[in-house]
Amino acid sequence: ALILIGGWSERIAVRGFHTVAGWLMCTVATCAMVVASRRMPAFSRVEINSHEAAEANPAAMYLVPMLAILLVAMLSSIAATSFDYAYPLRVIVVVSVLWFYRDKLSEFSRSISAFSVMLGGVVFIEWIVLQPSAPAVSENQAFATGLSAMPPALAATWLLFRIAGAIVTVPIAEELAFRGYLLRKLVSADFERVDFARFTWLSFAVSSVLFGMMHREWLAGVIAGMLFAYAMYRRGALLDAVVAHSTANVLLAAYVLTTHRWSLWN
């Protein structure tokens, strides 16, 4: 496949497929092993209950939105360029997933806390302060070039999707995965019974560190993860973490659009 793609486009073969194929094949193999271990007696010392294996996984609601973002990002990066033209697809896919689970998202049936909005402002400030002092000139230029290469109407539409992703789909997906699932899973295997206000140092630290590792500026990400967790602990509401996350991203989007430091969106 690499040779065939290389005959058509060397850039896509080397910078896209050659990189993503490894991620994709490893992910598929891992998922296949997990499915096999739950359905095939050869992989289990206890009798496999086909009915239990077929039951809906309670973790799905919390993890599928985030996995959808990662999957679309992985597949779209096969045709790698310095500009992510396929970003709107991430927003559309995640909105579709959230719509599918809309009846189960009872965690969001709360009033919005002014404190979580303020905490989002704090996250924005620490994020900007901890950015490298030297601007990423090449990244900013590549982003600007990609945006200017599109017709104005298309560029405006792309920016609207990018903003929507930053302030709606990404905060919801990441908070469902890291604070809604992982933080409580580290408290108890039966995570659904763990209250959102339940604090343990292990779950607080590990979930925040893993959240930070997903971001290029990992230290800023770890601190942000801790503050989002605190927002949730305060009222025992996952919505507060989402609101704090969304507020930080609203301010970051405004900052990026004003200063054209596009690299902050990478």
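If you're wondering where the values come from, they're calculated on a predicted model, not measured in any experiment.

## Focus: the overall build of the protein chain
- When you go through the protein chain residue by residue, the secondary structure sums to 11 helices and 0 strands.
- Scanning the protein chain from its N terminus toward the C terminus, one meets helices and strands in the order α-α-α-α-α-α-α-α-α-α-α.
- Whereas a compact globule of 266 residues would reach a radius of gyration of roughly 18 Å, the protein chain reaches 20 Å, a difference of no more than 12%.
- Oriented by its inertia axes, the alpha-carbon framework of the protein chain measures out at about 55 × 55 × 30 Å.
- Within the protein chain, the fraction of its 266 residues that count as buried is 42%.
- Within the protein chain, contacts between residues separated by at least 24 positions form 73% of all contacts whose residues are at least 6 apart in sequence.
- With the model as given, the accessible surface of the protein chain reaches about 14900 Å², and the carbon-plus-sulfur share is 68%.

## Observations regarding unusual backbone geometry
- The phi dihedral of His-260 falls on the positive side, at around 60°, and the residue is not glycine.
- Take His-260: it is sitting in the segment after α11 (238-259).

## With respect to the packing of aromatic side chains
- By the definition in use, this model includes 20 aromatic pairs.
- Centre to centre, the rings of Phe-143 and Trp-265 are 6.3 Å apart; their planes meet at 50°, and the pair counts as tilted. Placement of Phe-143 in helix α7 (residues 137-148) and of Trp-265 in the segment after α11 is noted, with a sequence separation of 122 residues between them. Here Phe-143 and Trp-265 have matching classes, each one buried.

## With respect to the side chain of Ser-207
- By the secondary structure assignment, Ser-207 is in helix α9 (residues 201-213).
- Ser-207 sits in the buried class, given a relative accessible area of 0%.
- A distance of 2.6 Å separates a polar side-chain atom of Ser-207 from the backbone oxygen of Ser-203.
- For Ser-207, the contacting residues outside a window of four places in its chain are Phe-178, Arg-179, Leu-182, Leu-183 and Leu-186.

## Details of a nonpolar patch on the surface
- A cluster of nonpolar side chains, Ile-125, Val-129, Leu-130, Trp-218 and Leu-219, forms an exposed patch at the surface whose accessible area comes to about 510 Å².
- Among the elements of the structure, α6 (114-129) and α10 (218-235) are those that each provide at least two residues to the nonpolar patch.
- For Leu-130, the position within the fold is in the loop between α6 and α7.
- Here Leu-130 falls in the partly exposed class, since its relative accessible area comes to 33%.

## As for the nonpolar core
- With 57 residues, the main nonpolar core has Leu-147 and Trp-158 as its most contacted residues.
- Of all the elements in the fold, those that place two or more residues in this core are α4 (60-76), α5 (87-100), α6, α7, α8 (152-185), α9, α10 and α11.
- A total of 12 residues in this core trace back to one element, the largest contributor, which is α8.
- Apart from residues lying up to four places away in sequence, Trp-158 is in contact with Phe-83, Asp-84, Tyr-85, Tyr-87, Pro-88, Phe-143, Leu-147 and Met-150.

## So, the pattern of salt bridges
- For the structure on display, the rule yields 5 salt bridges.
- For Arg-179, the salt bridge is made with Glu-175, and the minimal N-O distance between the two is 2.7 Å. Remark: Glu-175 and Arg-179 occur in helix α8; sequence separation between them is 4 residues, near one turn of the helix. Per residue, the accessibility class of Arg-179 equals that of Glu-175, and both read buried.
- In this structure, Asp-240 engages Arg-235 in a salt bridge whose closest nitrogen and oxygen atoms are separated by 2.8 Å.
- Residue class for Asp-240 comes out buried when judged on its relative accessible area of 1%.
- Overall, Arg-235 belongs to the partly exposed group, its relative accessible area being 29%.

## What to know about α8
- In a regular helix each residue adds 1.5 Å, so 34 residues correspond to 50 Å; α8 covers 46 Å between its end C-alpha atoms and thus fits that length.
- Of all the bends in α8, the largest measures some 45° and sits at Gly-165.

## Structural notes on the packing of α8 against α10
- In contact at an axis separation of 11 Å, α8 and α10 are set at 65° when each is read in the N-to-C sense. Taken as axis vectors, α8 and α10 run roughly perpendicular relative to one another. Between α8 and α10 lies a crossing whose hand is right-handed. In this structure, α8 uses Glu-175, Arg-179 and Leu-183 to contact α10, whose residues at the interface are Gly-225, Phe-228, Ala-229, Met-232 and Tyr-233.
- Residues that form the contact of α8 with α10 fall into these classes: 5 nonpolar, 1 polar and 2 charged.

What counts and what doesn't
- Residues numbered from 1 in each chain as written.
- Predicted model: local features only at pLDDT ≥ 70, side-chain atom pairs only at ≥ 80, totals over all residues.
- Heavy atoms only, no water.
- Helix = DSSP H or I, 4+ residues; strand = E, 2+ residues; numbered from the N terminus.
- Rg over C-alpha atoms; globule rule 2.2 N^0.38 Å.
- Buried < 20%, exposed > 50% of the residue type's maximum accessible area, 1.4 Å probe, protein only.
- Contact = heavy atoms within 4.5 Å.
- Areas by Shrake-Rupley, 256 points an atom, 1.4 Å probe, with all protein chains shown as cover.
- Phe/Tyr/Trp six-rings, centres within 6.5 Å; stacked < 30°, edge-to-face > 60°.
- Polar contact = N/O pair within 3.5 Å; in protein donor to acceptor, adjacent residues only side chain to side chain.
- Patch = residues over 30% accessible without salt bridge, like charges linked within 9 Å, V, L, I, M, F, W, Y side chains within 5 Å.
- Salt bridge = Lys/Arg side-chain N within 4 Å of Asp/Glu carboxyl O.
- Core = buried A, V, L, I, M, F, W, Y, C linked by side-chain atoms within 4.5 Å.
- Expected span 1.5 Å × (residues − 1).
- Bend = angle between axes of the 7 residues up to and from the residue.
- Axes fitted to C-alpha atoms, helices over the stretch in contact; angles between N-to-C directions.
- Parallel < 35°, antiparallel > 145°, perpendicular 65-115°, else oblique.
- Left-handed = near helix turned anticlockwise from the far one by under 90°.
- Nonpolar A, V, L, I, M, F, W, Y, C, P; charged D, E, K, R; others polar.

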